[in-house]
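The chain contents come next:
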Amino acid sequence: MQTGLVTFVVEPPIDLRETSRVALARISHSDVPIPKDRRRDVDRPPGPSGARLLRRFIIGDQAPWFMVEVERDYPTLAHFTLIGEHTYALTSPDAIVDVYIGHGRETMKGRGLQGTKAVLGNGLLTSEGEVHLRNRRLVQPAFHRDRIAAYSRDMVDLTLAHERNWQDGQALDMQTDMAVLTLTIVGRTLFGSDLAGDAHEIGNALESLLQGMGRYLVLGPSALRLPVPARKRALRSFARIDRIVDRVIDQHRAQGDTGDMLSMLIAAEEDGSGFTDAQVRDEAMTLILAGHETTAMTMTWTWMLLAQHPHVAEWLHDELDCVLGGRAPSMDDLASLPRTRAVIAEAIRLYPPAWIQGRRVLADVEVAGWTIPAGAITLISQFALHRSPRWWESSLTFLPQRWIDAGGAFSEEAPGQPRGAWFPFGWGNRRCIGEQFAWMEATMILATLAQGWRPELVPGSDISVVPAVTLRSKGGMPMVLRRR
Ligand code: HEM
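Definitions and limits used
Residues numbered from 1 in each chain as written. Predicted model: local features only at pLDDT ≥ 70, side-chain atom pairs only at ≥ 80, totals over all residues. Heavy atoms only, no water. Near = heavy atom within 4 Å. Polar contact = N/O pair within 3.5 Å; in protein donor to acceptor, adjacent residues only side chain to side chain. Helix = DSSP H or I, 4+ residues; strand = E, 2+ residues; numbered from the N terminus. Nonpolar A, V, L, I, M, F, W, Y, C, P; charged D, E, K, R; others polar. Contact = heavy atoms within 4.5 Å. Donors = N, O, S within 2.8 Å, 3.2 Å for Na, K, Ca; no water. Salt bridge = Lys/Arg side-chain N within 4 Å of Asp/Glu carboxyl O. Buried < 20%, exposed > 50% of the residue type's maximum accessible area, 1.4 Å probe, protein only. Pairing = 2+ DSSP bridges. Axes fitted to C-alpha atoms, helices over the stretch in contact; angles between N-to-C directions. Expected span 1.5 Å × (residues − 1). Arc of directions from axis to C-beta.

(A) Broad picture of the site of the ligand. Around the ligand, 29 residues are found, and the nearest of them are His132, Arg136, Arg359, Arg430 and Cys432. Between the ligand and lysine 109 there is a distance of 3.1 Å, counted from an oxygen atom to a side-chain nitrogen or oxygen. Between the ligand and glutamine 357, the relevant distance is 3.0 Å, taken from an oxygen atom to a side-chain nitrogen or oxygen of the residue. Those elements that provide at least two residues to the shell around the ligand are helix H6 (129–139), helix H12 (277–308), strand S9 (357–361) and helix H16 (435–449). Examining the composition of the shell around the ligand, we find that six residues originate from one element, H12, more than from any other. Partitioned by chemical class, the residues of the shell around the ligand number 15 nonpolar, nine polar and five charged.

Put into structure tokens, the structure is as follows:
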């Protein structure tokens, strides 16, 4: 509609029935047959009762704490039945390494991620087998070391631009603010697009999707048939995020090859066959959502912990003042900023954005003398293992110093935890493709912003975790910006 100088774009109304049909088709798709464990001839290890499972894991927001209790009470593995499926929580580092690395290729993703296909489709995070391998080969070049080095300049520039909106004494929701920043970064670096204007829309859609529908996704396709109010909100969110991603892809096609990751996906040719339109959409959606929400939550929890521990903030500020002295950081400073990285690692330890992972085993697996039959689900929880007093000294204390080795450098081995007790980015062939991107981004954001600011928590704020697909903070993170 054209009215003088102002153009209004009227979006067609959202067809909920069609959105539901598309989401169900996506959620029901699997690249490999999904086996079910119906065995009656195997012994199962003990585990928590059905009542406790219902009370602590399924209803309410207690699932991360339930996993902490299971890790404490069953120190190797525990069995329970979750929505009619045999489920094994792996609670020892050895059991985790054994299944997720030793038998990684004989597993597929669990029910929760199957549920997220409603919005993600069949991209890198959710595809399986040969389809996943091919997707990974095609996307990998975008995460090559040299590309990340080039992104680091954009990461700093966009953070500096974001900082210009911060004002001394300003109250804000840090969770939303960091999501705007990380979405802007992922949009520019991987898609050559300005997603800043869409941040609010994507944020709202994600909120209703993750917090409203998140807990039901474990039900798989049935989640979309539940007569709960969250269903309609989630469907609207799917449709809105779909429209944004379709627009980004259309704009890109119109521009031609701009040398970024989306151009690469559109042009991808392997064995004569490239990505179909639907595959480009699914990869783009996956990278936009997986690539911004996790880092946004990392930064949100980092700001909260720094506000709660002013002596740690001072320890960090000393490093930033000494190494950067007020100038913007660059990739060359990384090795000189061990404390910055240690603060981020410690925040990820206590508040891992990916807090639980599930896998369905495709063949029988022996663990600690028990048989986990093909088709059973295994669960591992970063939240539980990263907080376990069995593997971490002063496990619940925010102690970034633990990540600094005797030579003063940052080291992921410095705390002395066994392999299998620290896995924020997952494992093996399904390990996070954005891990180096995320470290670079979080370090550049923190080094840039913490030089000039020490955000405070709004007094009396009641902060608690919400176990959505990522570990979010209930009601956001109310903070007040303070200049240093
Ligand atoms: C602190 C930030 C991040 C954390 C904690 C994190 C965590 C994880 C974890 C645990 C997985 C494995 C999931 C599973 O096995 O079920 C994963 C996979 C993945 N992540 Fe990340 N991630 C982060 C940042 C990013 C970024 C910045 C991107 C992209 C720009 C990204 C893209 C992906 C993709 C595409 C996968 C699927 C990889 C595959 O299966 O081949 N992530 N991430």
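(B) Just the side chain of histidine 79, in detail. Counting through the fold element by element, histidine 79 comes out in strand S3 (residues 77–82). Within the structure, the side chain of histidine 79 is placed 2.9 Å from the side chain of histidine 86, a separation counted as a polar contact. When sequence neighbours within four positions are dropped, the list of residues in contact with histidine 79 reads Arg44, Pro45, Pro46, Gly47, Pro48, His86, Thr87 and Tyr88.

(C) Structural view of the coordination of the iron atom of the ligand. One donor from the polypeptide reaches the iron atom of the ligand: Cys432 (SG), at 2.3 Å. With respect to the helices, strands and loops of the structure, cysteine 432 is situated in the loop between helix H15 (382–386) and H16.

(D) Focus on the pattern of salt bridges. As enumerated under the stated definition, the model contains 27 salt bridges in all. Note that arginine 484 is salt-bridged to aspartate 321, the shortest N-O span being 2.7 Å. In this pair, arginine 484 sits in the segment after strand S16 (478–480) while aspartate 321 sits in helix H13 (residues 310–323), placing the two residues 163 residues apart along the sequence. Judged by its relative accessible area of 36%, aspartate 321 falls in the partly exposed class. Residue glutamate 456 pairs with arginine 454 through a salt bridge whose shortest N-O separation is 3.1 Å. Look at glutamate 456 and you get partly exposed, because its relative accessible area is 30%. Three or more residues are tied together by salt bridges with common partners; here these are Arg52, Arg56, Glu69, Arg72 and Asp73.

(E) Quick look at the side chain of threonine 91. Counting through the fold element by element, threonine 91 comes out in the loop between strand S4 (85–90) and helix H4 (93–102). With residues near it in sequence (within four places) discarded, threonine 91 still touches Val70, Glu71, Tyr74, Pro75, Thr76, Leu77, Leu385 and Arg390.

(F) Seen up close, the environment of alanine 335. Here alanine 335 lies in the loop between H13 and helix H14 (338–350). The class of alanine 335 is exposed, set by a relative accessible area of 73%.

(G) Examining the pairing of S3 more closely. The buried count for S3 comes to five of six residues, which makes it a mostly enclosed element. The pairing of S3 with S4 spans six bridges and is classified as antiparallel. Bridged to threonine 81 within S4 is histidine 86. As consecutive antiparallel partners, S3 and S4 are separated by two residues, and within that stretch isoleucine 83 has a phi angle of approximately 45 degrees, a positive value.

(H) Highlighting the sheet that holds strand S12 (residues 377–380). Taking strand neighbours across the sheet as the criterion, the five strands line up as S3-S4-S12-S9-S5 in an open arrangement whose pairing is mixed. Each edge of the open sheet carries a strand with a single partner, namely S3 and strand S5 (107–109). When the angles between neighbouring strand axes are averaged without regard to direction, this sheet yields 30 degrees. Pairing analysis gives four bridges linking S9 to S12, with the strands arranged antiparallel. Looking across to S12, one finds that glycine 358 is bridged to leucine 379. Against the sheet, helix H2 (residues 50–58) engages S3 and S12, with an angle of about 85 degrees to S3.

(I) Summary view of unusual backbone geometry. Positive phi is not limited to glycine here, since alanine 368 has a value of about 50 degrees. With respect to the helices, strands and loops of the structure, alanine 368 is situated in the loop between strand S10 (365–367) and strand S11 (370–372). The exposed category is assigned to alanine 368, whose relative accessible area is 57%. In this structure, serine 394 is a non-glycine residue whose phi angle is positive, near 40 degrees. By the secondary structure assignment, serine 394 is in the loop between H15 and H16.

(J) Structural view of helix H1 (residues 16–28). For H1, with 13 residues, the first-to-last C-alpha span of 18 Å sits near the 18 Å given by 1.5 Å per residue. Of all the residues in H1, the buried ones are Thr19, Ser20, Ala23, Leu24, Arg26 and Ile27. The buried residues of H1 occupy one face: seen down the axis, they fall within an arc of 160 degrees. On its buried face, H1 sits against helix H5 (111–120), helix H10 (229–255) and H12. Two or three places before arginine 17, at the start of H1, stands the capping residue aspartate 15, its side-chain oxygen 3.1 Å from that residue's backbone nitrogen.

The values reported here are purely geometric and, on their own, carry no functional implication.
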